[in-house]
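Architecture at a glance
Now for the letters of each chain:
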Amino acid sequence: MPDNGKTNLFDLDRTQLEDFFEHSLGEKRYRAHQVMKWIHHRYVTDFDGMTDLGKALRAKLEAHAQVRAPMVVFDKPSTDGTHKWLLGMDPKNAIETVYIPDKGRGTLCVSSQVGCALNCQFCSTATQGFNRNLSTAEIIGQVWVAARHLGNVPHQQRRLTNVVMMGMGEPLANFDNVVRAMSIMRDDLGYGLANKRVTLSTAGMVPMIDKLGEVSDVSLAVSLHAPNDELRSELVPLNKKYPIAELMESCVRYALRKRGTSVTFEYTLMKGVNDQPTHARQLVRLLRQFDNAVQMKDAAKVNLIPFNPFPGTRFERPDDAAIRAFQKLLNEAGMIAPVRRTRGDDIDAACGQLKGQVMDRTRRQAEFRKRLQAQGLDQGPGRGGEIGDAA
Ligand code: SF4
């Protein structure tokens, strides 16, 4: 979608916006604070609507800047309160963002890339390959669209209490844009979320975990999915580059930066692949070592995620008895290991399923193209899998 050479203010965190006002517009830095509140607290994108700014400043902003959110192609509520948006990022790419309400909290699952290059074997996003990184504006724009829809008022009427960077893509492979977007999520002039309420989930890019620890205090989640290198290298090819021992060491370093920091390990259960008692026992050993290294009980948290099948996958979801048996072995070892409930089933929003059905993707792509054509924005067919879907 055309940018007219104007700066999209969604791309700037507080410091950058202050710099923009001072250096590009020749205005006082505090003006940036007023504009941030208009954008992220009141969801105003039209400078004329920013009524506490003088007329001359509004005209200057109109000439040099814009506040452009992703285009909502469609949004779809589920009967269980889950809500999914298909957001157009450019004429060839769209992604999905999902809101999941639960007792006293509302979590938004946000994407960082269109597609993903890491090729995890059980992931539906991997099947479409990698298209491109999302900009800061496209990442924070997902939060903005959802927060506006929900009537979220930071510090007052919180409908959006948590953000998880667990949608499509590897967030640490798009480091700068993700870190900047997370800074807006945590800023009081943005969405005012506490550090622990913003979670970044990685497949294990070890050097970038260390880099994240240098600049941010967000919660860390690691897509582990296997308790030994042989199996993990098969399921998560990145493991060949950064094997489990190196990954766990980087997690220990991340946790040790600040007393009381825990790390969540996600474990997708796949029938006959990684759901056997021997896997559970190996997992317990691995995570106990982590607790010991961090010198904190329950420093390692486990999320068990029953696999959600998608067309063409060779993996299956274990039956409920097998899931319970795996969980019991962890519980008996003193570990808290909740099984993630399937949510948003009727809108393909369940975890690992956000990418959607292949047939459904084709239908959504047609819908996306139709809307773009209606707006005169369609530029013809793009690369395969251009309608992205969060994983
Ligand atoms: S699981 Fe995450 S890192 Fe792996 S391919 Fe899917 S989106 Fe990428």
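Residues numbered from 1 in each chain as written. Predicted model: local features only at pLDDT ≥ 70, side-chain atom pairs only at ≥ 80, totals over all residues.

In this section: the UniProt feature "binding site: [4Fe-4S] cluster" (unreviewed entry) in the protein. When the UniProt feature table is mapped onto this chain numbering, "binding site: [4Fe-4S] cluster" (unreviewed entry) sits at Cys 116, Cys 120 and Cys 123. The residue Cys 120 is located in the loop between strand S7 (113-115) and strand S8 (130-133) in this model. Classification of Cys 120 by C-beta neighbours within 10 Å gives buried; the count is 20. Apart from the residues lying within four places of it in its own chain, the contact partners of Cys 120 are Ala 126, Ala 203, Leu 235 and Val 236. (UniProt positions renumbered as here; feature names shortened; annotations may be inferred. Helix = DSSP H or I, 4+ residues; strand = E, 2+ residues; numbered from the N terminus. Buried ≥ 20, exposed ≤ 12 C-beta atoms within 10 Å, placed from the backbone. Contact = placed C-beta atoms within 7 Å.)

Now for the confidence of the model for the protein. Chain-level pLDDT for the protein is 88 on average; 87% of the residues reach the 70-or-more range. The model gives residues 355-362 a pLDDT under 50, and that stretch makes 17 contacts with residues more than four places away or in other chains. Below a pLDDT of 50 lies the segment residues 375-391, which in the model reaches 58 contacts outside its immediate sequence neighbourhood of four places, other chains included. (pLDDT = per-residue confidence, 0-100.)

Considered for burial, the residues of helix H2 (residues 31-41) that qualify are Arg 31, Ala 32, Val 35, Met 36, Trp 38, Ile 39 and His 40. Residues of H2 that are buried make contact with helix H1 (14-24), helix H3 (55-64) and helix H4 (136-150). After H2 finishes, the residue Tyr 43 shows a positive phi value of roughly 60°.

This part covers the packing of helix H6 (residues 206-215) against helix H8 (residues 244-256). Helices that pack against each other are described as a pair by the angle of their axes relative to one another and the distance between those axes. Between H6 and H8, the least distance of the axes is 9 Å, while the angle of their chain directions is 0°. Between H6 and H8, the crossing angle belongs to the class labelled roughly parallel. In this structure, H6 contributes Val 206, Ile 209, Asp 210 and Gly 213 to the contact, and H8 contributes Glu 246, Leu 247, Ser 250, Cys 251, Arg 253 and Tyr 254. Of the residues in the contact of H6 with H8, the class split is 5 nonpolar, 2 polar and 3 charged. (Axes fitted to C-alpha atoms, helices over the stretch in contact; angles between N-to-C directions. Parallel < 35°, antiparallel > 145°, perpendicular 65-115°, else oblique. Nonpolar A, V, L, I, M, F, W, Y, C, P; charged D, E, K, R; others polar.)

In this section: the nonpolar core. If you look at the biggest cluster of nonpolar residues, it comprises 100 residues, and the most contacted ones within it are Leu 87, Val 143, Met 185 and Cys 251. Tallying contributions element by element places H4 first for this core, with 8 residues. Two domains share this core, each providing at least three of its residues, namely domain 1 (7-66) and domain 2 (71-347). Excluding anything up to four places from it in sequence, Cys 251 contacts Ile 209, Leu 220, Val 222, Val 263 and Phe 290. (Core = buried A, V, L, I, M, F, W, Y, C linked by C-beta atoms within 7 Å. Domains from an automatic or database assignment.)

Right, let's talk about the packing of H1 against H2 for a bit. In contact at an axis separation of 8 Å, H1 and H2 are set at 125° when each is read in the N-to-C sense. Compared by their axis directions, H1 and H2 come out oblique. Considering the relative orientation of H1 and H2, their crossing is right-handed. Contact residues: Arg 14, Leu 17, Glu 18 and Phe 21 in H1; Arg 31, Ala 32, Val 35 and Met 36 in H2. (Left-handed = near helix turned anticlockwise from the far one by under 90°.)

Looking now at the environment of Pro 243. Inspection of the secondary structure puts Pro 243 in the loop between helix H7 (229-235) and H8. Residue classification places Pro 243 among the partly exposed positions, given that 16 C-beta atoms sit within 10 Å. Spatially, the C-alpha atom of Pro 243 lies 7.8 Å from that of Ser 233, the residues being 10 residues apart in sequence.

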